[in-house]
Every structure is written in C-alpha cells, then in structure tokens.
Amino acid sequence: MASMYVCPPDLLPQQTGTRHTSTPGRTWALAHRPEAVRQARRISRHLLTQWKVTDEVADSVLLAVSELVTNAVRHAQPPLSLGLCCDPAAGQVHIEVSDGGPTLPHGGQATECTDDEHGRGLMIIELLAEAHGDRQEAGHAIHWADITTRG
C-alpha cells in the first residue's frame, strides 16, 4: 500500500483534473518556469523525509525529479505537474511528471540547445531508475520513473 501524503499547507497536493494511474488525483501543479525544478525538489525532499528513505535513495529521487521537470520546462508545453508515490511493499518511489506535450520543432526552448547540451537527462534517468518510460493521455504526456528503495 502506498504511503499517505502528509504535507505542510504550501506543499499540499492539488486537484489538477488529471488522474494518473499511480497517483490518483494527487498531483502538484507547477508553474511552467525554471523555478518549477526548485519547487518540485522541495516537495520531493519533504515527502522523502516523511517516508524515511535513505539519503542515497533520496539523492537519486531528487536527481530524477530534477531531470524530468527540467525536460518538461525546456521541451514541453504547459501545464506541468508532479506526482510522487512511495510503495514500501514494492520497495520503490514512483515519480510522474505530466506536461502538455512537446513544443513545436521551430519554437520554444527545445531549439535553443546545442547538440552537446541535451540528451543527458534521459541517460541519467536510465542509470538511476529501475524502470522508466512515458505515455500519452488526453492532451498531455506523462514521463515516469521508478527508483528502488532497496539496497
């Protein structure tokens, strides 16, 4: 069974109208700006402390959250949201970042990167996650990663 969300008022999950499979109705809406990465890390750090995950696991989750949110801000359209779930029985933290889908090829920030400045985020996720992927749902894309909590 997944852990309960216990958050201070400024970190409470919000109903976004999006229902994710692993985080039903429980997501944090983030501003589609670079500051979203800091906010997502703050939310994640708070929950990871409550869930009593090890520092090593917390570092991996925070890095994965940072990479997924950064990719959404740089390469996708709004809206942006974060979902987190800890399943002690499965020994994993599940991360979901939802965005409005990719930016147009000739517009937005996706075209501002040089070849040596992009592509590393998914390689990092590959190294950190037990499993990861993405899926399309009505009007948005969901990028997810499962980080194991077992040594």
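Everything quoted here is computed from the prediction, not taken from an experiment. (Residues numbered from 1 in each chain as written. Predicted model: local features only at pLDDT ≥ 70, side-chain atom pairs only at ≥ 80, totals over all residues. Heavy atoms only, no water.)

A. A look at the pattern of salt bridges. Evaluated as defined, the whole model comprises 3 salt bridges. For R135, the salt bridge identified is with E96, shortest N-O distance 3.2 Å. Of this pair, R135 sits in strand β4 (residues 131-137) while E96 is found in strand β3 (residues 92-99), placing the two residues 39 residues apart along the sequence. Its relative accessible area of 24% is what places R135 among the partly exposed residues. The class for E96 is buried, based on a relative accessible area of 1%. It is possible to trace a salt-bridge network through shared partners that takes in E96, R135 and E137. (Salt bridge = Lys/Arg side-chain N within 4 Å of Asp/Glu carboxyl O. Helix = DSSP H or I, 4+ residues; strand = E, 2+ residues; numbered from the N terminus. Buried < 20%, exposed > 50% of the residue type's maximum accessible area, 1.4 Å probe, protein only.)

B. Main features of the packing of helix α1 (residues 35-51) against helix α2 (residues 55-75). Two numbers describe how α1 lies on α2: the axes approach to 9 Å, and their chain directions differ by 150°. With respect to α2, the element α1 is oriented roughly antiparallel. In the packing of α1 onto α2, the handedness of the crossing is right-handed. Contact with α1, carried on its side by A36, V37, A40, R41, S44, R45 and L48, involves A58, V61, L62, L63, V65, S66, V69, T70 and V73 of α2 and no other residues of that element. (Axes fitted to C-alpha atoms, helices over the stretch in contact; angles between N-to-C directions. Parallel < 35°, antiparallel > 145°, perpendicular 65-115°, else oblique. Left-handed = near helix turned anticlockwise from the far one by under 90°. Contact = heavy atoms within 4.5 Å.)

C. Representation of the environment of I43 in the model. As for its position among the elements, I43 is in helix α1. Overall, I43 belongs to the buried group, its relative accessible area being 1%. In this structure the C-alpha to C-alpha distance between I43 and G83, which are 40 residues apart in sequence, comes to 9.9 Å.

D. Molecular detail of unusual backbone geometry. For the peptide bond that leads from P78 to P79, omega is 0°, which places it in the cis range. Structurally, P79 is set in the loop between α2 and β2 (80-87). Of note, the phi angle at K52 is positive, near 60°, even though the residue is not glycine. Its place among the elements puts K52 in the loop between α1 and α2.

E. Structural context of α1. Given a rise of 1.5 Å per residue, 17 residues ought to cover 24 Å, and the 25 Å separating the end C-alpha atoms of α1 matches this to within 8%. Taken together, the buried positions of α1 are A36, V37, A40, I43, S44, L47, L48 and W51. Seen from one end, α1 has its buried residues packed into an arc of 130°, which puts them on one side. Exposed and oriented more than 90 degrees from the buried face of α1 are R38 and T49. K52 lies just past α1 and shows a positive phi near 60°. (Expected span 1.5 Å × (residues − 1). Arc of directions from axis to C-beta.)

F. Quick peek at the sheet that holds β3. Strand order in the open sheet made by the 5 strands is β1-β2-β3-β5-β4, with antiparallel pairing throughout. In this open sheet, the two strands that pair with only one neighbour each are β1 (28-30) and β4. Put simply, the sheet's adjacent strands are angled 20° from each other on average, direction ignored. Taken together, the 3 bridges between β1 and β2 define a ladder with antiparallel strand orientation. Residue pairing for β2: L30 is matched across the bridge by L80. This element, α1, spans β1, β2 and β3 of the sheet and lies at about 15° to β2. (Pairing = 2+ DSSP bridges.)

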